Amino acid sequence: MITNKSVLAWIDEMKTLVNPDNVVFIDGSESQLEELRAQAVKSGEMIKLNEDLLPGCYLHRTAVNDVARVEGRTFICSKKEEDAGPTNNWMEPKKAYEMLFNIAKGSYAGRTMYIIPYSMGPVGSEFSKIGFELTDSIYVVLNMVIMTRVGQEVVDALGDSEDWIKGLHCKCNIEEENRYICHFPEDNYIISVNSGYGGNVLLGKKCFALRIASFLGKNEGWMAEHMLILGLENPQGEIKYIAAAFPSACGKTNLAMLIPPEKYRKLGYKVWCVGDDIAWMRIGSDGRLWAVNPENGFFGVAPGTNENSNPNALAATRKNTIFTNVALNLDNNTVWWEGLDKNPPKNALNWKGEKWDYTKYDKADKVNTSGAHPNSRFTAPAVNCPCISSEFNSGKGVPISAIVFGGRRAKAAPLVYQSRSWQNGVFVGSIMASETTAAATGAVGVVRNDPMAMKPFCGYHMADYFGHWLEMGKKLGDKAPKIFNVNWFRTDDEGNFIWPGFGDNMRVLNWILARCEDKVDAVETPIGYVPNIDDLDIEGVDVSEETLKELLTVDKDVWTKETENIAKFYEQFGDRLPKEIKDEFEGLKNRLK
Ligand code: OXD
Ligand code: MN
């Protein structure tokens, strides 16, 4: 039950606007959720899967025109256009509200309004923030219940406070031309209309925990980042934590749940997953940077997830999971996706729900010929993950030793390098670039700049965001985590990956932590410090010393070309680009001469 006046007033206002037939408050109880699951199965919104093989699991199919985040229709509606900055779409707030309320008007007629109280972060933690999402979709309710902490305890934790985030979601008729994902950072308000796809409608995730939270973080002196958090335990039982930012679908979930190579496992190394997508970070009373994962589950990309690539993620999906847009095996009522195993089901429906013939699969036309959509997803509870960190629910967070940036770069970036300082590290993050993937609509395989993997998720002017990073560094001083850049995707001249990746990425993490503890030297290059060839362990992995040398090479010509790309990218920020970043860029150009 809600008694908070500010919440009640807003819900009343929204009820009048969207005009639902019924209103249901989501209290988080299992009995209520069971009833909703049954309703969704009855209406066809979800398909119950094989209870013996996949207990508590369901399949949902979105509309075929609604399968990914839509960056072109995502807006930051700050009062002033310049505050949204050149990397965001902007709409004047008054105009946006008017348009959105027009679309939302009466759109719940014949439907139920679900009121979801949710906490991003463990309920009651000083890191955590509370939101209310109103939705007309049971699928959204059931996903939010997995991805966030939902229910009466959240309402109780909020009390009378007015410090909460408004979120209105209306499915409407899933019309592409009327689809809008709008954020009003100055009003703590999110409105999403005409979509039913996760990233656009699970408002706690990208909309709140990144776009709105990044803005809050800037004003309140903390950071909301598109980062996984993992703990690496050494044989002595010490655990050091790393936060890492990669653009969408670059293997963040795989890295977060990494299984160490056999040799390391035998020695007693372990990796613990705190989070796979988002980190909220604050300076603790000890002056160090501490992080929590504000989410409560994983909204992971299904294709490519298998027993080898990520057994932990796969295990997490074996119960109480919602699958979206994967293939349905009609013989045993289970799910399948490309890369799960080598046995595509013979009697199956594809992600669109059509009869599917796996022999017609054509790599060049995945969307139309694959069983699962390339951006099909699983929504799995974090507690299901065998390597979930014991600190996952800690309201205190975990102390971060290293920050790692990365992307898909065939040639430019070496396997790993360390930045020269925090300031230089912010520059390294600002020049991140990667080949695009299927997580967002648009062309696949094009290189685009994606600073700190936050281009689609920064809720304010990107140059001010760089400035905020610099400010945080000043406050952290010598307690600041060290900043690194990795590239698992370097290729040879034929385009083959030359680093095995996956579990072997731990070899690189080990070097990173050794650097944090001043245990190894490194070689200075114009872009930063790379490992001495002998300090990166390649024993037991199919990488020759020559390949390792190539992996660690910084090609001056490639980087000189890269500086042209950087200059072009920076142009859009004009005078708002912090002087420190300009200085770092000049420094790089000089070192390349
Ligand atoms: C995600 C994304 O879904 O980054 O995590 O697109
Ligand atoms: Mn993400």
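Residues numbered from 1 in each chain as written. Chains lettered and ligands numbered in written order. Predicted model: local features only at pLDDT ≥ 70, side-chain atom pairs only at ≥ 80, totals over all residues. Heavy atoms only, no water.

Asks: In this structure, what is going on with the overall build of the chain? I would like to understand it.
Replies: Along the chain, the regular secondary structure elements total 18 helices and 31 strands. A compact globule built from 593 residues should have a C-alpha radius of gyration of about 25 Å, and the chain, at 23 Å, falls within 12% of that. Overall, the chain is about 65 × 55 × 45 Å in size when its C-alpha atoms are taken along their principal axes. Relative to all contacts within the chain whose residues are 6 or more apart in sequence, the contacts with residues 24 or more apart total 72%. For the chain, the computed accessible surface area is about 22800 Å², with 48% contributed by carbon and sulfur atoms. Positive and negative charge centroids in the chain, built from 66 and 79 side chains respectively, lie 1 Å apart. (Helix = DSSP H or I, 4+ residues; strand = E, 2+ residues; numbered from the N terminus. Rg over C-alpha atoms; globule rule 2.2 N^0.38 Å. Contact = heavy atoms within 4.5 Å. Areas by Shrake-Rupley, 256 points an atom, 1.4 Å probe, with all protein chains shown as cover. Lys, Arg positive; Asp, Glu negative; His and termini not counted. Charge placed at Lys NZ, Arg CZ, Asp CG, Glu CD.)

Asks: Just to check I follow, could you spell out the environment of Ala327 for this structure?
Replies: Mapped onto the secondary structure, Ala327 falls in strand S20 (residues 327-329). For Ala327, a relative accessible area of 0% gives the class buried. Ala327 sits 53 residues away from Val274 along the chain, and the two C-alpha atoms are 29 Å apart. Apart from the residues lying within four places of it in its own chain, the contact partners of Ala327 are Thr334, Val335, Trp336, Leu349, Asn350, Gly371 and Ala372. (Buried < 20%, exposed > 50% of the residue type's maximum accessible area, 1.4 Å probe, protein only.)

Asks: Before we go on, may I ask you to explain the sheet that holds strand S2 (residues 47-48) in this structure?
Replies: Strands pair in a sheet through their backbones, by hydrogen bonds, and they do so in one of two ways: parallel or antiparallel. Spatially, the 5 strands line up as an open sheet ordered S2-S3-S19-S24-S18, and their pairing is mixed. Both outer strands of the open sheet, S2 and strand S18 (297-301), are each paired with one neighbouring strand and no more. (Pairing = 2+ DSSP bridges.)

Asks: I tried to follow the nonpolar core on my own but got confused; where do I start?
Replies: In summary, soluble globular proteins display a tendency toward joint burial of nonpolar side chains. Ranked by size, the top nonpolar core spans 95 residues in total, and within it Trp280, Phe405, Trp469 and Tyr570 carry the most contacts. Inspection of this core shows a minimum of three residues originating in each of domain 1 (5-44 + 71-220) and domain 2 (225-297 + 390-592). One finds Ala244, Ala327, Trp356 and Leu509 within the second-largest nonpolar core, a separate group that totals 68 residues. (Core = buried A, V, L, I, M, F, W, Y, C linked by side-chain atoms within 4.5 Å. Domains from an automatic or database assignment.)

Asks: Any chance you could explain the site of ligand 1 here in plain terms?
Replies: Around ligand 1, the structure places 8 residues, and the nearest of them are Arg69, Lys206, Ser248, Asp277 and Arg377. The side chain of His226 places a nitrogen or oxygen atom 3.3 Å from an oxygen atom of ligand 1. Between ligand 1 and the protein, one listed contact pairs an oxygen atom with a side-chain N or O atom of Arg377 at 2.9 Å. Expressed as a share of its isolated accessible area of 210 Å², the protein-covered part of ligand 1 is 92%. Split by residue class, the shell around ligand 1 holds 2 nonpolar, 2 polar and 4 charged. (Near = heavy atom within 4 Å. Polar contact = N/O pair within 3.5 Å; in protein donor to acceptor, adjacent residues only side chain to side chain. Nonpolar A, V, L, I, M, F, W, Y, C, P; charged D, E, K, R; others polar.)

Asks: Honestly, helix H8 (residues 204-220) in this entry has me stumped. Any pointers?
Replies: Since the α-helix turns once every 3.6 residues, residues separated by three or four places project in the same direction. Taking 1.5 Å per residue, 17 residues should reach 24 Å; H8 reaches only 19 Å between its end C-alpha atoms and comes up short. For H8, a buried count of 14 out of 17 residues is recorded, marking the element as mostly surrounded by other parts of the structure. After H8 finishes, the residue Gly221 shows a positive phi value of roughly 85°. (Expected span 1.5 Å × (residues − 1).)

Asks: What is the right way to look at the packing of helix H17 (residues 556-571) against helix H18 (residues 579-592) in this model?
Replies: Close contact between H17 and H18 brings their axes to 10 Å; oriented N to C, the two are set at 155°. By the angle between their axes, H17 is roughly antiparallel relative to H18. Seen along the crossing, H17 lies across H18 with a hand that is left-handed. Contacts between H17 and H18 pair Lys556, Trp559, Thr560, Thr563, Ile566, Ala567 and Tyr570 from the former with Ile581, Phe585, Leu588, Lys589, Arg591 and Leu592 from the latter. (Axes fitted to C-alpha atoms, helices over the stretch in contact; angles between N-to-C directions. Parallel < 35°, antiparallel > 145°, perpendicular 65-115°, else oblique. Left-handed = near helix turned anticlockwise from the far one by under 90°.)

Asks: Would you mind showing me how to read the side chain of Ser78 here?
Replies: Locating Ser78 in the fold gives a position in the loop between strand S4 (74-76) and helix H3 (81-84). There is a polar contact of 3.4 Å between the side chain of Ser78 and the backbone nitrogen of Ala84.

Asks: What exactly am I supposed to notice about the environment of Asn485 here?
Replies: Examined against the element boundaries, Asn485 turns out to sit in strand S29 (residues 482-486). On a C-alpha basis, the gap between Asn485 and Ala402 in space is 10 Å, while along the polypeptide they are 83 residues apart. Apart from residues no more than four positions distant in its own chain, Asn485 is found in contact with Phe405, Gly406, Ala413, Leu415, Val416, Tyr417, Val428 and Met432.

Asks: Explanation requested: the domain arrangement of the chain in the structure shown.
Replies: When the parts of a complex come together, some accessible area is lost, and that lost area is often used as the size of the interface. According to the domain assignment, the chain contains domain 1 (5-44 + 71-220), domain 2 (225-297 + 390-592) and domain 3 (298-384). For domain 2 versus domain 3, the distance between C-alpha centres works out to 29 Å. Residue-level contacts link 12 residues of domain 2 with 13 residues of domain 3. Run the count over domain 2 and domain 3 and you get 0 salt bridges. (Salt bridge = Lys/Arg side-chain N within 4 Å of Asp/Glu carboxyl O.)

Asks: Sorry if this is basic, but what is going on with the packing of aromatic side chains here?
Replies: Given two aromatic rings, their pairing is described by the distance between the two centres and the angle made by the two planes. Across all of its chains, the model carries 28 aromatic pairs by this definition. The interplanar angle of 65° and the centroid separation of 5.2 Å between the aromatic rings of Tyr264 and Tyr269 together place this pair among those described as edge-to-face. Tyr269 matches Tyr264 in its accessibility class, with the two residues each being buried. Their ring planes at 70° and their centres at 6.2 Å tell us that Tyr460 and Tyr465 sit as a pair that is edge-to-face. In this pair, the class of Tyr460 matches that of Tyr465, namely buried. Over the ring of Trp164 we find Lys166, and its NZ or CZ is 5.6 Å from the ring centre. In this structure, Lys206 packs its charged tip against the face of Phe457, placed 4.3 Å from the ring centre. (Phe/Tyr/Trp six-rings, centres within 6.5 Å; stacked < 30°, edge-to-face > 60°. Lys NZ or Arg CZ within 6 Å of the ring centre and 35° of its normal.)

Asks: What's the story with the pattern of salt bridges in this structure? I'm lost.
Replies: Pairs may arise between side chains of opposite charge once their charged atoms sit close together. A full pass over the atoms with the stated rule returns 31 salt bridges. Put simply, Lys205, Lys206, Lys252, Asp277 and Glu295 are held in one network by salt bridges that share partners.

Asks: How should I be thinking about the sheet that holds strand S22 (residues 348-349) in this particular structure?
Replies: Spatial ordering of the open sheet is given by S21-S20-S22-S23, a layout of 4 strands whose pairing is antiparallel. Two strands lie at the open edges of the sheet, namely strand S21 (334-336) and strand S23 (355-356), each paired on one side alone. Relative to S21, S20 runs antiparallel, the two sharing 3 bridges. In the strand pairing of S21, Ala327 is matched with Trp336.

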